[in-house]
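Overview (structure and organization)
Listed here are the chains, written in short residue letters.
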Amino acid sequence: MNAEPGQKVAEPNTHGVASGRTHITFRKRRLRVGDVNVVDKSMLRRAVGGAVVGNTMEWYDVGIFGYLITTMGPVFLPEADKVVQTLFLLGTFAATFVARPIGGIFFGWLGDRVGRQKVLVATLIVMSVATFSLGLLPGYSTIGVWAAVLLVAIKLLQGFSTGGEYAGATTFVSEYAADKRRGYFTSFLDMGSYLGFAAGAALVSVLQLTLGHAAMGEYGWRIPFLVAGPLGAIAIYFRLRIEESPTFQAALDAQERLANERIAKDETAAQGPIAILRANWKPILVAIIVVAAANTVGYALTSYMPTYLTESKGYDEVHGTLLTIPVLVAMSLCIPFAGRLSDRIGRRPALWIGAVSTVVLAMPAFLLVGIGTVPATLAGLAMVAFPVAFYVPILASTLPAQFSTGCRFFSMGIAYNLAVAIFGGTTPLIIDALIQSTGNDMMPAYYLMGTSLVGAVAVLFLRESAGRHLPGSMPSVDTLDEARAIVAHQEDDLRIDLESMPLTNVPVAVRRDGAAAQLPLDDPNALEAAQREGVDLEATLLEAQSCEEQPVASGLSGAA
């Protein structure tokens, strides 16, 4: 229904055109109950499960490759010195992180154009095939130096696909989940990641204990990679059964309608990667800093601690690995509770718990590990794991909410993968270099404390997203009653930002004294103003005809 003449409005924050003694502006229409996404519980479960299996596969590969480095060295470079073998395989492992940002840019851009689900299927297929291929790869004795070349090529392909996996999975689940429970459901992604890592490490440890060194070098190292074949097939099956996220589907439906308005208003964010970077460089930079701080602690626990226990604390390779596994499993099972807590207290407070606890616990953790007994070592590892449980999984719900729907996947792909490539993947190397240069075994603690202090400051600049709809998306709720409540309180609920939603525009005439009234969609002055400003009123009219309900402009007091 139309508002009565004389109704007061707040100062317009949209574009407008002067017309005589009035000013014609265009406002987003008010939300209707049908606009609000009511989450389909069964589809949500499928979406979470389909996304989690991919993350589990990704970290399963990280776990098995990292723990097979010393075993695989003689297979691919048998004539080289042992140090050269280790450096080559560590460099091959690092190469995957170099390829990740490239994959993040490619799959992120593609995911914002064709859909999240299609891209996630593609990344999982590439990742599974690459991991399985490692188990079939001939060694140096068969094809000479080409074995090492093929190994590097396959790991680069893995890194490329991984660049799109995590950014796509977090984006996908964030868009599927209800706004008030987004932290809880996205946390399962990181639970799957760490369980996958633990599973890979556990399988390698079991094979090392049962087969022995000689058999592992001859054929046993292939088994974990070959297991990825059937596991990947199962994961692909689950991912094929999930549908596109409702948020992205709604954005696609609105894309054609908004195209003319974007061109007219020079909204370059929708035009290309450079324009996206120009428009979003601040949140991308903040995200890079926070991800770097969180993953420094995460990679210290998963990738560095086994090496630290072996090289600095006298444990053998098998026990250095085995000691981390129960800590990883226990931490993984606690992650959903941290996600649920972030839904209640907010993302930023939860991230601060991770940052502050890193600063407080890092030194006691490494002092306990330094004692050398198994109970003290487990206690020290648990102290490192505690902040990781708050740090890393909260990012899965925090980062997607920093960017609008049209560029979310791409922006996530850049921010997350650049941070992990530059800081996360290099954490073991940096920490080891610090110890070697100073001779101080406490340098890992100081490094973690420093990065977390910087991360804690960066959290201040994050957009708080707990209980809020994603930018550029309609609200998502669990029940129809919640949808009705949002519509009823949309004008006074500070968490609702109508201007960021893909809603049609409605013409409003504002007099010089501030009084305003909604204009009919076919009003000549409104049509003239719309043509000048590139506002697609025809889309508003078509929408009104299809739903048989006239739009009501937001911001008009007394509108219903």
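Note that the structure is predicted; figures quoted are calculated from it, not measured. (Residues numbered from 1 in each chain as written. Predicted model: local features only at pLDDT ≥ 70, side-chain atom pairs only at ≥ 80, totals over all residues. Heavy atoms only, no water.)

**A look at the overall build of the protein chain**
- When its secondary structure is counted, the protein chain shows 20 helices and seven strands.
- What you see for the protein chain is a C-alpha radius of gyration of 27 Å, in line with the 24 Å of a compact globule of 560 residues.
- Viewed in the frame of its principal axes, the protein chain has a C-alpha envelope of about 85 × 50 × 40 Å.
- Relative to its 560 residues, the protein chain shows a buried fraction of 56%.
- Within the protein chain, contacts between residues at least 6 apart in sequence are counted, and of these 83% link residues at least 24 apart.
- Within the structure as shown, the protein chain displays about 22500 Å² of accessible surface, and the carbon and sulfur contribution to it stands at 64%.
- Averaging the locations of the 40 positively and 46 negatively charged side chains of the protein chain gives two centres separated by 3 Å. (Helix = DSSP H or I, 4+ residues; strand = E, 2+ residues; numbered from the N terminus. Rg over C-alpha atoms; globule rule 2.2 N^0.38 Å. Buried < 20%, exposed > 50% of the residue type's maximum accessible area, 1.4 Å probe, protein only. Contact = heavy atoms within 4.5 Å. Areas by Shrake-Rupley, 256 points an atom, 1.4 Å probe, with all protein chains shown as cover. Lys, Arg positive; Asp, Glu negative; His and termini not counted. Charge placed at Lys NZ, Arg CZ, Asp CG, Glu CD.)

**A short note on a nonpolar patch on the surface**
- Among the surface-exposed residues, Ile143, Val145, Trp146, Val149 and Leu150 lie close enough to one another that they form a single nonpolar patch of about 450 Å² accessible area.
- Looking at which element gives the most residues to the nonpolar patch, the answer is helix H6 (residues 146-176), with three residues.
- Along the chain, Leu150 turns up in helix H6. (Patch = residues over 30% accessible without salt bridge, like charges linked within 9 Å, V, L, I, M, F, W, Y side chains within 5 Å. Salt bridge = Lys/Arg side-chain N within 4 Å of Asp/Glu carboxyl O.)

**Description of helix H7 (residues 182-220)**
- For H7, spanning 39 residues, the distance from its first C-alpha to its last is only 41 Å, which falls clearly below the expected 57 Å at 1.5 Å a residue.
- The sharpest bend along H7 comes to roughly 110°, located at Gly212. (Expected span 1.5 Å × (residues − 1). Bend = angle between axes of the 7 residues up to and from the residue.)

**A word on the confidence of the model for the protein chain**
- Confidence in the prediction of the protein chain, expressed as mean pLDDT, is 85, and 91% of residues score 70 or more.
- Per-element averaging of pLDDT across the protein chain places strand S1 (residues 7-8) at the bottom with 40 and helix H17 (residues 443-459) at the top with 95.
- Across residues 1-20, confidence stays below pLDDT 50; counting only partners more than four residues off in sequence or on other chains, it has 65 contacts.
- Long-range and interchain partners of residues 260-270, a stretch whose pLDDT sits below 50, account for 17 contacts in this model, where long-range means more than four residues apart. (pLDDT = per-residue confidence, 0-100.)

**So, helix H8 (residues 222-240)**
- Between its first and last C-alpha atoms H8 spans 28 Å; for 19 residues at 1.5 Å apiece the expected length is 27 Å, and the two agree.
- Considering bend angle alone, the principal kink of H8 is centred on Pro230 and spans about 30°.
- All of the buried residues along H8 are Pro224, Phe225, Ala228, Gly232, Ala235, Ile236 and Arg239.
- Those residues of H8 that are buried are in contact with helix H1 (41-67), helix H2 (69-76), helix H4 (116-136), H6 and H7.

**Considerations on the environment of Gly111**
- Along the chain, Gly111 turns up in helix H3 (residues 82-114).
- Separated by 220 residues in sequence, Gly111 and Met331 have C-alpha atoms that sit 31 Å apart.
- In contact with Gly111, other than residues within four places in its own chain, are Arg116, Val119, Phe248 and Phe409.

**Considerations on the pairing of strand S3 (residues 22-28)**
- Buried residues dominate S3, accounting for five of its seven residues.
- Here S3 runs beside strand S6 (residues 505-511); their pairing, made up of seven bridges, is antiparallel. Among the inter-strand pairings, Lys28 is bridged to a residue of S6, identified as Asn505. (Pairing = 2+ DSSP bridges.)

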